[in-house]
Amino acid sequence: MPAEQSLAEFSLRAVLLGGLFGLLFGAVTVYVGLRAGLTVSASIPISVLSISILRAFGRSTILENNIVQTTGSAGESLAAGVMFTLPALIFLGFSSDFTFWRIFPIALLGGWLGVLFMVPIRRQLIVKEHGNLAFPEGTACADVLVAGERGGSFAGRVFWGLGLGGVYTFLMNTVQAWTGQPEARPSWFPGASFRAAITSEYLGVGYIIGPRVAGILFAGGIVSWLVMMPAIKFYGQLAGNTPIYPSTVPIPLMSPDQIWSSYIRPMGAGAVAASGLITLLRTMPTIISALRAGLKDVRAESSNQSNSSSRIDYEVPMRWVVGGSIVIVAMIWAVLTFFPIQGAQTQWYQNLFAAVFVVVFGFLFVTVAGRISGLLGNSSNPISGMSIATLMATCAIFFLAGWTSPRYAVLALMIGGAVCIAAAIAGATSQDLKTGYLVGATPFWQQMGLLVGVTVSTVAIGATLNLMNKGLTKYIPTEIPVNIQALPGGVKIERDTFVYQNKSYVLVNSLGSHEIPDGEYLYDAGSKQIEFQWAQGIGSDKAPAPQARLMATVINGILNQRLPWRLVLMGVALVIAVEILGVRSLAFATGSYLSIATTGAMFAGGMIRWAVEATTKKKDESDASPGALFSSGLIAAGGVFGLLAIVLRVVADAAKPESFLARLPDWLAFGPKHWPLLAFNEKLPMPTQAQSLLGVLMFGLLAASLFYFARKKLD
């Protein structure tokens with residue numbers, strides 16, 4: 001749109017629809033990201049759906065659709081930054097305080113910071129570097145908006161994926177018609193486990209990332225699950241009944257899941273940390289040039305802004321950026337000072353130091369994230385590497401200052417979390433601003449849409465994290481004698497009173513102990529032993545949260561020096577070997593950390609894309625291709641109906657005889673009281689092997705539907 005032409009842009013319907021998409025895709029991204037350790041861009045699906053939905057309410061303008069996409073995509077990028085860092089509170093031993101009101105303020109302030117810091121560098125990156133910086137996702141999104149007349153056909157492909165994936169996920173997760181993870185543990189290969197998490201979202205993610213990346217991820221899983229774990233089992237037979245740190249269970253008695261949790265995860269953490277730092281070092285020339293260009297442009301921005309009167313140059317004034325940054329520093333300081341996490345109170349000057357650190361590192365990495373996204377795409381934005389660098393620098397300063405108690409671990413995490421969120425927002429925001437520049441949008445209204453999107457989606461992200469942590473929580477009977485008066489090293493009392501099943505316990509946390517496995521436990525004063533392990537949902541096999549666990553590992557390793565260093569260094573060495581072979585190691589390292597069930601299912605999606613490209617003789621590279629749009633629907637379906645299954649599980653717990661729902665009249669509580677009856681397996685139990693075979697068959701049918709719709713041309 002020419003600068004002289006004014007069309008409807010920041011309209012009420014555009015903002016409301018964008019806010020709804022922000023809520024939806026924020027929640028879906030958290031769900032998929034915690035499980036798979038990966039995120040995929042939501043901009044293209046939102047653009048496609050916006051064109052179709054707004055058309056149903058009358059003729060919409062391209063600028064309105066752009067505002068919907070800009071506002072809605074903020075949820076996906078914010079979710080990435082939040083889930084990579086803030087769940088580390090659980091692994092640091094503060095799970096009792098992992099609540100919505102702990103997540104919300106840091107997520108919101110970090111998101112606002114990312115939007116504000118993109119303002120002074122927008123002109124440099126988007127306008128002056130036009131033609132030099134590709135911004136692939138932003139350019140593709142602009143192409144979709146320009147081709148808006150075909151929006152109905154495009155949207156139909158997304159809805160087909162959403163519908164088929166939704167039915168599949170509902171039957172598998174909620175009705176439990178078949179197992180979600182077929183598995184085989186062959187007796188002829190002790191320690192190995194062949195399994196696949198046959199979800200629609202993993203299939204869709206695998207298709208979108210393609211056969212090469214999916215294959216590298218799966219290769220990491222093969223090395224961990226089919227090489228390292230059988231080797232540990234084989235040589236561990238010599239240990240007899242003696243546990244080998246960090247496990248407290250003798251290796252001959254360990255299941256594959258226990259071997260993975262105790263030995264493979266530390267290796268994977270070392271691999272992910274090393275690959276993140278290598279990625280950061282590889283982009284160091286870009287980082288330095290981006291920082292120089294950003295600082296130079298900030299100095300010249302005020303005069304340029306005041307001399308500009310064009311609509312397409314109108315953006316948030318610099319005084320708003322400066323004032324907003326000061327307000328955010330004050331708000332971060334206030335949150336840390338007046339609303340501290342229980343047992344992690346710090347002094348006011350330390351909190352001020354943390355808030356200033358957030359702004360300094362935030363501006364540095366926002367600048368870096370924006371330029372790298374322009375050069376390589378948002379998927380190549382090294383958010384984890386930048387977060388690790390922030391944490392390492394912060395923890396090193398804390399260590400030299402003697403700030404090594406758990407409270408400072410939390411303070412370091414707050415700094416790293418806010419910076420990670422700001423960098424994640426900046427990478428996606430730069431793509432959105434590029435889309436707006438190409439279609440002639442007003443930057444000011446895009447930036448307002450981003451602030452709205454960040455604010456709204458923070459609610460969904462915080463609620464989803466909290467829901468997943470509670471909905472997937474288990475209390476596992478565990479009997480471990482403990483002297484509460486003389487706890488082993490690495491074990492602490494987290495809470496004096498914890499009520500479970502109408503009985504009072506002492507909540508004990510173990511992190512890096514040689515006697516008690518890492519985790520939280522319920523200690524009974526009467527029997528003088530631990531009776532239950534309180535297994536959090538986040539960190540379990542269903543939501544491993546690899547990046548967040550890595551952040552906790554880095555913090556704990558530097559401040560408390562409680563790391564199984566030999567295992568970590570094995571992961572570092574593995575990454576170095578892979579880099580020497582010429583393979584970019586980040587995907588391999590992530591695959592070595594995740595369960596092979598996750599990487600195996602994604603590899604299946606990558607193979608479907610390979611088959612589509614082989615049979616059509618055409619590279620399916622566009623984010624708006626038939627297969628990518630159908631896969632986006634599969635991902636959204638997996639997230640939405642996966643969350644629905646967790647909600648039903650929580651409601652089912654609430655419908656037990658001791659809950660308030662059970663006391664409501666039948667006509668009022670029919671749904672919640674009878675939802676547990678949907679469990680198909682409780683009515684017609686099936687043998688485990690039959691369930692696995694049925695699950696493989698149904699996953700094959702879903703994969704066949706993806707193959708069909710990916711080859712079917714759009715109208």
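Residues numbered from 1 in each chain as written. Predicted model: local features only at pLDDT ≥ 70, side-chain atom pairs only at ≥ 80, totals over all residues. Heavy atoms only, no water.

*Asks:* Could you clarify how one ought to interpret a nonpolar patch on the surface in this entry?
*Replies:* A cluster of nonpolar residues, W348, Y349, L352, V356 and V360, forms a patch on the protein surface that exposes about 500 Å² of accessible area. Judged by relative accessible area, which is 51%, W348 ranks as exposed. (Patch = residues over 30% accessible without salt bridge, like charges linked within 9 Å, V, L, I, M, F, W, Y side chains within 5 Å. Areas by Shrake-Rupley, 256 points an atom, 1.4 Å probe, with all protein chains shown as cover. Salt bridge = Lys/Arg side-chain N within 4 Å of Asp/Glu carboxyl O. Buried < 20%, exposed > 50% of the residue type's maximum accessible area, 1.4 Å probe, protein only.)

*Asks:* Sorry if this is basic, but what is going on with the sheet that holds strand β3 (residues 474–481) here?
*Replies:* Remark on secondary structure: sheet strands pair via backbone hydrogen bonds, oriented parallel or antiparallel. Strands sit in the order β3-β7-β6-β5-β4 across an open sheet of five strands; the sheet is antiparallel. The open sheet has two free edges, formed respectively by β3 and β4 (491–500), since each of these has just one partner strand. Here the strands of the sheet are splayed against their neighbours by 30 degrees on average, with no regard to which way each runs. Where strand β6 (residues 519–524) meets strand β7 (residues 529–535), five bridges bridge the pair, whose relative direction is antiparallel. Bridged to Y523 within β7 is I530. (Pairing = 2+ DSSP bridges. Helix = DSSP H or I, 4+ residues; strand = E, 2+ residues; numbered from the N terminus. Axes fitted to C-alpha atoms, helices over the stretch in contact; angles between N-to-C directions.)

*Asks:* Would you mind showing me how to read the environment of P626 here?
*Replies:* Along the chain, P626 falls in helix α20 (residues 626–654). Here the alpha-carbon distance between P626 and A710, two residues 84 residues apart in the chain, equals 5.0 Å. When near neighbours in sequence (up to four residues on either side) are disregarded, P626 contacts R157, F709, A710, K712 and L714. (Contact = heavy atoms within 4.5 Å.)

*Asks:* Sorry if this is basic, but what is going on with the pattern of salt bridges here?
*Replies:* Any two side chains of opposite charge can pair, so long as their charged atoms come close to each other. This structure, assessed with the given rule, holds 11 salt bridges. Two residues, E201 and R35, come together in a salt bridge whose shortest N-O distance is 3.3 Å. Linking E201 in helix α8 (residues 200–236) with R35 in helix α1 (residues 12–36), this pair joins segments that are 166 residues apart in sequence. Exposure remark for E201: the relative accessible area of 2% places this residue in the buried category.

*Asks:* Got a minute to help me understand empty space enclosed by the protein in this structure?
*Replies:* The rolling of a water-molecule-sized probe over the atoms marks out the regions of remaining empty space. Applying the stated rule across the entire model yields three cavities of 30 Å³ or more. In this structure, the second largest cavity occupies an estimated 50 Å³ of space. Elements with a minimum of two residues in the lining of the second largest cavity: α8, α9 (256–282) and α17 (565–580). Class assignment for the residues of the lining of the second largest cavity results in six nonpolar, four polar and no charged. (1 Å grid on protein atoms, 1.4 Å probe; cavity = no way out; pocket = protein on both sides within 12 Å on 5 of 7 lines; lining within 4 Å. Points joined across faces, edges and corners; volume = space filled by probe spheres on them. Nonpolar A, V, L, I, M, F, W, Y, C, P; charged D, E, K, R; others polar.)

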